[in-house]
Amino acid sequence: MRILVVEDDPLLGDALRTGLKQRGFDADWVKDGVAAELALRTDAFAAAVLDIGLPRLDGLELLRRERARGSKLPVLLLTARDAVDDRVRGFDTGADDYVVKPVDLDELAARLRAHVRRSRGEPAPILEVGDLRVDPAARTVVYNGKAIELKTREFNLLQELMLNAGRVLSREQLEGRLYAWGDEVESNTVEVHIHHLRRKLAPEVIRTVRGVGYVLPREQNNG
C-alpha cells in the first residue's frame, strides 16, 4: 500500500517514512506542497499524510486544489496545531482525518488502513473473498482454514488485489501502487510475485486477463 508523506521537518519526515515502511506501507516523502502536488498528479497513492504548514504551497491550499479536481484520495492532516478551529478548517477543506504531533505510528498506521479500506468500499477490518481472509493489521493470511506465510511484497500485492476484488489491475498499476520511489523493480517482478502467490494459495485464486492484467475474482471456486 503506497502512501505519500508530505512533511518539511527532515527528522519527522524521515521517521514517518521509515516507521510506515516498518508497518508494511511503501512510503514516499516530499518536503513541500509544490512537490506534493506534482507527486499526487503523476503517481498512484492509496492515501496521503499531509502537514499543514508547508513551504511553497500550504497544506490546506494543496488539499483544496486536490478536492477541486475531484480527487477522493484519503488525506490525513498532520500538524502541531491542535486548536478546534484548525481542525474544523481541515475537515471543511476536505480532510478525512486529523493527526496531531507528536505522532503515534501504530495509531497512524491503523487510521491509514481504515481510511483506505473505506475508500475502496471495504469497511470491515478483515478482508474476505471466498475462503481467503487477509488481516491488514496483523498482516496474516488464511486460506481454506490454513495460515499462509507470505513475504512482504507478496502480502502487499495480495492485499491490493483483495481491496480491488473483481477489478482487473494491469502490471503497471500494481507496480505503481506497490513500489516507492527508488525501489528496484525488474520487468517481471509482478509476474514473479503472482506465481508465488498462486503456488502458496491455489492457481485459480488469481486469474490472468491476457493483454490486460490480473484479477482476484469475487466468486472463488475452491473445489
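Preceding this section is the structure that the text describes.
Note that this is a predicted model, so its numbers are computed, not measured. (Residues numbered from 1 in each chain as written. Predicted model: local features only at pLDDT ≥ 70, side-chain atom pairs only at ≥ 80, totals over all residues. Heavy atoms only, no water.)

### Description of helix H3 (residues 59-68)
Regarding H3, the residues found buried are Gly-59, Leu-60, Leu-62, Leu-63 and Glu-66. Looking straight down H3, one finds its buried side chains confined to an arc of 160°; they lie on one side. Gly-70 lies just past H3 and shows a positive phi near 90°. (Buried < 20%, exposed > 50% of the residue type's maximum accessible area, 1.4 Å probe, protein only. Helix = DSSP H or I, 4+ residues; strand = E, 2+ residues; numbered from the N terminus. Arc of directions from axis to C-beta.)

### Quick word on the packing of aromatic side chains
Ring pairs (aromatic) are described by centroid distance and by the angle formed between their planes. With the rule as written, the count across this model stands at two aromatic pairs. The interplanar angle of 90° and the centroid separation of 6.3 Å between the aromatic rings of Phe-45 and Trp-181 together place this pair among those described as edge-to-face. Placement of the pair is Phe-45 in the loop between helix H2 (33-42) and strand E3 (47-51) and Trp-181 in the loop between helix H7 (171-178) and helix H8 (189-200), with a sequence separation of 136 residues. Here Phe-45 falls in the buried class, since its relative accessible area comes to 11%. Judged by relative accessible area, Trp-181 falls into the partly exposed class, the value being 38%. Centre to centre, the rings of Phe-91 and Tyr-98 are 6.2 Å apart; their planes meet at 45°, and the pair counts as tilted. Assessed through its relative accessible area of 39%, Phe-91 is described here as partly exposed. (Phe/Tyr/Trp six-rings, centres within 6.5 Å; stacked < 30°, edge-to-face > 60°.)

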